[in-house]
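Structural overview for review
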Amino acid sequence: MSDTTRLSLFEAARVVARRDFHAILFSRAFFFFLLGPLFPIIIGAMAGGIGGQVQRDANTRLVAVAMSEPDAQAMVEARARLAPQIGMALPELGIASSAERPEAILREKGRNYIAVVSGTPGEPQLTGPQDSIDFWRGPIALIAAEARTGTVASFPAVRENPVETSVAAQRTDRIRTAQAGQLLLFLLMMLLAGMVLSNLVEEKANKVIEVLAAAIPMDAVFLGKLVAMLGVSFVGIAVWAVAGGAIALLAGNALPQLPEPALGWPLFIAFGIVYFAMGYLLLGSLFLTIGGMAATVREVQTMSMPVTMAQLLVFFLAASAITSPGSPLEIGAAMFPLSSPFAMLARAAQSEALWPHMLALAWQALCVILFVRFGAMIFRRRVMKSGKGGRARKPRFGRARSA
């Protein structure tokens, strides 16, 4: 059979990708893999809701007023007059008996007082823990001064001139969105890229990789496997996104709202998907090379640890460059292949320019091709024993017979 009957590189990669995609997607292990991250999310949401409720119940703003009845009533009325102007900066006031000692009021069970104010409006005394005294000293003094005068203070009307945002506020908001995007991208890549590691180890054990290498180019095997794992990853992300959307609908306004990025949400999400694909292919090609060189799963785990630690350093590099767009650090993070997806996603949240993304995507695509070819070459030379190490040598007895 001549070489012209062999499949082209992309056709062979498509065949391998379709084979791996179907094999992984319809396996029981992948079903449990999908359910794995959902349990921590559900448990975390429940724990956050319970913890928030406990925190709200534990925190109190109630201060007892242990004064004579006229003075206590004057303090309550003064607080009511100041509340429309000052609002939540004032404590809630509850009237307690002036015959009781402040210490006894604080120790008595069933009363949820954080502090006790006694004495008179002219000479108030605040009893409680030191941090509560430091926090409520000013508001209590303001209420006491208002109660002592007994007159309604005249507050000037404040003219409002609202604006949508400011440069400083916009920059701070976009940095928050950039950080959230980088963190989500990093978590997804770390969670999903690990599936590539054990892929070649299993096929090396049952000799499948040797059949594939004899039939199609090794570059096509690597590229097909990466595309298949990327497709499986998108299926997993889609399932988790649906589950996350359901949780967000149930939570309503309880979840924090991220500010809108510079490019708008549609373009930002689109770039997030593309940069995830590029980052996954870049990291996956390294993991695939490591998995191809390892003989056992234990070797895979040992060899992948330095790559994982390096990826953490790469993420920290991109995260540290968020606050300085256009700096040498940020440009270097955008040019380094492994940190480029993180840095460029942060730029999409902070800058409205599109042309840097076109350059970055072209550069990342080139690096993917180089990484795949390099990984395939290493696999051929180190594992498949091609080249000089794989040439057949003539037996020695043949020389003697010819002589």
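Identification of the chain as ABC transporter permease from Qipengyuania pacifica is taken from an unreviewed UniProt entry. Per UniProt, the chain carries the Subcellular location (unreviewed entry) text "Membrane".

Looking at the overall build of the chain
Looking only at helices and strands, the chain has 16 helices and four strands in total. Relative to its 403 residues, the chain shows a buried fraction of 37%. Across the chain, the fraction of contacts at a sequence separation of at least 24, relative to all contacts at a separation of at least 6, is 76%. Here the chain displays about 23,900 Å² of accessible surface, and carbon together with sulfur accounts for 64% of that area.

Focus: the pattern of salt bridges
If the charged atoms of two oppositely charged side chains come close together, the side chains can form a pair. Counted according to the given criterion, the structure contains 10 salt bridges. A salt bridge links Glu330 to Arg347, with the nearest nitrogen and oxygen atoms 2.7 Å apart. Here Glu330 is found in helix α13 (residues 328-335), whereas its partner Arg347 is found in helix α14 (residues 340-350), with 17 residues between them in sequence. The class for Glu330 is buried, based on a relative accessible area of 4%.

Looking at the nonpolar core
Counting residues in hydrophobic clusters, the biggest one holds 64 residues, and the most contacted among them are Leu192, Val196, Tyr275, Phe276, Tyr280, Phe287 and Phe342. The next biggest cluster of nonpolar side chains, apart from the first, holds 18 residues, and it includes Met67, Leu126, Trp136 and Ile140.

Considering the sheet that holds strand β2 (residues 92-95)
Strand order across the open sheet formed by four strands is β2-β1-β3-β4, with mixed pairing between neighbours. What marks the edges here is a single partner per strand, and that holds for β2 and β4 (124-127). Here the average twist between neighbouring strands, direction ignored, is 30 degrees. Bridging between strand β3 (residues 115-119) and β4 involves four bridges; their strand directions are antiparallel.

Describing the UniProt feature "transmembrane region" (unreviewed entry) in the chain
Sequence positions flagged by UniProt for "transmembrane region" (unreviewed entry) are, in local numbering, residues 29-51, 183-201, 221-251, 263-283 and 361-379. A helix fraction of 90% and a strand fraction of 0% characterise residues 263-283, whose end C-alpha atoms lie 26 Å from each other. The annotated region residues 361-379 carries 100% helix and 0% strand content, and the separation between its end C-alpha atoms amounts to 27 Å.

Observations concerning helix α1 (residues 9-25)
Turn by turn, an α-helix covers 3.6 residues, leaving residues three or four places apart pointing in a common direction. With 17 residues, α1 extends 24 Å between its outermost C-alpha atoms, agreeing within 8% with the 24 Å of an ideal straight helix rising 1.5 Å per residue. All buried positions along α1 are accounted for by Ala12, Ala13, Val16, Ala17, Asp20 and Ile24. An end-on view of α1 places all buried positions within 135 degrees of arc, on one side of the element.

Points about the packing of aromatic side chains
Throughout the structure, instances matching the rule amount to nine aromatic pairs. Both rings, one in Trp265 and one in Phe268, keep their centres 5.8 Å apart while their planes meet at 80 degrees; by these two values the pair is edge-to-face. In this pair, Trp265 and Phe268 both sit in helix α11 (residues 265-293), three residues apart, roughly one turn of the helix. Judged by relative accessible area, Trp265 falls into the partly exposed class, the value being 30%.

A word on a nonpolar patch on the surface
A cluster of nonpolar side chains, namely Phe234, Leu258, Trp265, Ile269 and Ile273, defines an oily patch on the protein surface of about 430 Å² accessible area. It is α11 that contributes the most residues to the nonpolar patch, three residues altogether.

What about the side chain of Thr177?
Looking at the secondary structure, you find Thr177 in helix α7 (residues 167-193). The contact partners of Thr177, leaving out residues within four places of it in the chain, are Leu258, Pro259, Pro261, Trp265, Phe268 and Ala349.

Side note on the packing of helix α4 (residues 69-86) against helix α6 (residues 130-149)
In the contact formed by α4 and α6, the axes pass within 8 Å of each other and the chain directions differ by 115 degrees. In this structure, α4 crosses over α6, and the sense of that crossing is right-handed. Together, Ala74, Met75, Ala78, Arg79, Arg81, Leu82 and Ile86 of α4 and Leu142, Ile143, Ala144, Glu146 and Ala147 of α6 make up the contact between the two elements. Taken together, the residues of the contact of α4 with α6 break down into nine nonpolar, no polar and three charged.

Considerations on the pairing of β3
Across a regular strand the side chains alternate sides, sitting on one face of the sheet and then on the other. Of all five residues in β3, four are buried; the element is thus mostly enclosed. Two elements, strand β1 (residues 62-66) and β3, share four bridges in a ladder whose sense is parallel. Of the residues in β3, the one forming a bridge with Ala64 is Val116.

Some details on the packing of α13 against α14
For the pair α13 and α14, interaxial distance at closest approach is 6 Å and the crossing angle is 125 degrees. In terms of axis orientation, α13 runs oblique to α14. Here Glu330, Ala333 and Ala334 of α13 come into contact with α14, specifically with Ser340, Ala343, Met344 and Arg347.

Procedures and definitions
- Residues numbered from 1 in each chain as written.
- Predicted model: local features only at pLDDT ≥ 70, side-chain atom pairs only at ≥ 80, totals over all residues.
- Heavy atoms only, no water.
- UniProt positions renumbered as here; feature names shortened; annotations may be inferred.
- Helix = DSSP H or I, 4+ residues; strand = E, 2+ residues; numbered from the N terminus.
- Buried < 20%, exposed > 50% of the residue type's maximum accessible area, 1.4 Å probe, protein only.
- Contact = heavy atoms within 4.5 Å.
- Areas by Shrake-Rupley, 256 points an atom, 1.4 Å probe, with all protein chains shown as cover.
- Salt bridge = Lys/Arg side-chain N within 4 Å of Asp/Glu carboxyl O.
- Core = buried A, V, L, I, M, F, W, Y, C linked by side-chain atoms within 4.5 Å.
- Pairing = 2+ DSSP bridges.
- Axes fitted to C-alpha atoms, helices over the stretch in contact; angles between N-to-C directions.
- Expected span 1.5 Å × (residues − 1).
- Arc of directions from axis to C-beta.
- Phe/Tyr/Trp six-rings, centres within 6.5 Å; stacked < 30°, edge-to-face > 60°.
- Patch = residues over 30% accessible without salt bridge, like charges linked within 9 Å, V, L, I, M, F, W, Y side chains within 5 Å.
- Left-handed = near helix turned anticlockwise from the far one by under 90°.
- Nonpolar A, V, L, I, M, F, W, Y, C, P; charged D, E, K, R; others polar.
- Parallel < 35°, antiparallel > 145°, perpendicular 65-115°, else oblique.

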